[in-house]
Amino acid sequence: ETGVTQSPTHLIKTRGQQVTLRCSSQSGHNTVSWYQQALGQGPQFIFQYYREEENGRGNFPPRFSGLQFPNYSSELNVNALELDDSALYLCASSPPTSGGSRNTGELFFGEGSRLTVL
Amino acid sequence: SQQGEEDPQALSIQEGENATMNCSYKTSINNLQWYRQNSGRGLVHLILIRSNEREKHSGRLRVTLDTSKKSSSLLITASRAADTASYFCATAAAYNQGGKLIFGQGTELSVKP
């Protein structure tokens, strides 16, 4: 158990719809990262939030957006869903470091939200 | 693809044997990490090795890092059926990329009792 919780665990949407995924970070962690994992692949970085601001972003279109709240929980929003968005979405939190957000140490992952787009 | 390469893609061994997985990456790194994933669930951090380290141990795990070859290996000794999982290496770039880890494609390990 990492203390990172994600909801919902599974959901089914149709193409063109919008989805919101939620993540509660481990107590004391101020950084949240989101990853997309397609079947049979390694996770791909979507973005990271540090102190409520987007700190870094991977190669994902603007229809992927996020938020981080004062309690460090986070949301991932995906608009205009496409079939290729079907994947496991993983949230990971990490503790404060001496380098702020610049050092990427150990990540604590939640169990993921499995999205199916029909 | 930005992802690193892992080798082999799948590995099947008997309980008690050692398992070795290899990872190659493309950019200069700050650190390299190994994670484990059971049946499409969340990833669990196993070990982190910094760019100035060459070898690290944690219980039955041994990780080596060769920055000149941009490669790493994970050795699991005396494997158990419970070690059956997918194993991923992940690299953090030497320059700030906003917290991004680049994951490999993974090695699927099956340990038969």
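Numbers given for residues are sequential positions, taken from 1 along each chain in its written order. Lettering for chains starts from A, numbering for ligands starts from 1, and both go in the order in which the items are written. A pLDDT threshold of at least 70 governs which residues receive local features in this predicted model, and a stricter bar of 80 or more applies before side-chain atom pairs are shown or counted, although totals over entire chains, interfaces and linings include all residues. Excluded from the side-chain calculations are hydrogens and water; all other atoms, namely the structure's heavy atoms, are used.

**Q** An account of the overall build of chain B is needed here, citing residue identities and associated values.
**A** Here a helix means four or more residues in a row that DSSP labels H or I, a strand means two or more in a row labelled E, and each is numbered from the N terminus. Summing up its helical and strand segments, chain B has zero helices and eleven strands in all. When its helices and strands are written in sequence order, chain B yields β-β-β-β-β-β-β-β-β-β-β. Taken over C-alpha atoms, the radius of gyration is set against a globule rule of 2.2 Å times the number of residues to the power 0.38. Taken against the 2.2 N^0.38 rule, which gives 13 Å for 113 residues, the C-alpha radius of gyration of chain B at 14 Å falls within 12% of a compact globule. Overall size of chain B, expressed as C-alpha extent along the three principal axes, is 45 × 25 × 20 Å. Looking at chain B as a whole, 48% of its 113 residues are labelled buried. Accessible area is worked out with a 1.4 Å probe on protein chains only. A residue is then buried under 20% of its type maximum, exposed over 50%, and partly exposed in between.

**Q** Lay out the interface of chain B and chain A with the relevant residues and their values.
**A** Interface size is often expressed as the accessible area that is lost when the parts come together. Contact between two residues is taken to exist if any of their heavy atoms lie within 4.5 Å; hydrogens are not considered. Across the contact, 22 residues belong to chain B and 24 residues belong to chain A. The term buried area refers to how much accessible surface (probe radius 1.4 Å) is lost by two components on association, counted for both of them together. Around 1800 Å² of area is buried between chain B and chain A when both sides are counted, 48% of it from carbon and sulfur atoms. The salt bridge definition used is simple: a Lys or Arg side-chain nitrogen within 4 Å of an Asp or Glu carboxyl oxygen. If you look at where chain B meets chain A, you find one salt bridge. A salt bridge links Glu-111 of chain A to Arg-41 of chain B; the shortest N-O distance between them is 3.0 Å. In the analysis that follows, any N or O atom pair within 3.5 Å is treated as a polar contact, provided that within protein one partner can donate a hydrogen and the other can accept it, and provided that, for residues neighboring in sequence, both atoms belong to side chains. Linking chain B to chain A there are eight residue pairs in polar contact (both at pLDDT 80 or more). When contributions to the side of chain B that touches chain A are tallied by element, the ones reaching two or more residues are β4 (29–37), β5 (43–50), β9 (85–93) and β10 (101–103) of chain B. For the side of chain B that touches chain A, the element with the highest residue contribution is β4 of chain B, accounting for five residues. Here the term charged refers only to Asp, Glu, Lys and Arg, the term nonpolar to Ala, Val, Leu, Ile, Met, Phe, Trp, Tyr, Cys and Pro, and the term polar to all other amino acids, Gly among them. Residues that form the side of chain B that touches chain A fall into these classes: seven nonpolar, 13 polar and two charged.

**Q** Before we move on, could you go through the state of the cysteines and cite the residues and values that matter?
**A** Formally, a disulfide is one covalent bond, and it connects the sulfur atom of one cysteine to the sulfur atom of another. Residue and element names in this part refer to chain B. The disulfide definition used here is simple: a pair of cysteine sulfur atoms within 2.5 Å. Applying the stated rule across the entire model yields two disulfides over all chains. Shown here is the disulfide that connects Cys-23 with Cys-89, its sulfur atoms set 2.0 Å apart. Looking down the S-S bond of the Cys-23 and Cys-89 bridge, the torsion is 70°, so its handedness is right-handed. With a gap of 66 residues between them, Cys-23 in strand β3 (residues 19–24) and Cys-89 in strand β9 connect regions that are remote in the sequence. Neither residue differs from the other here; Cys-23 and Cys-89 are each classed as buried.

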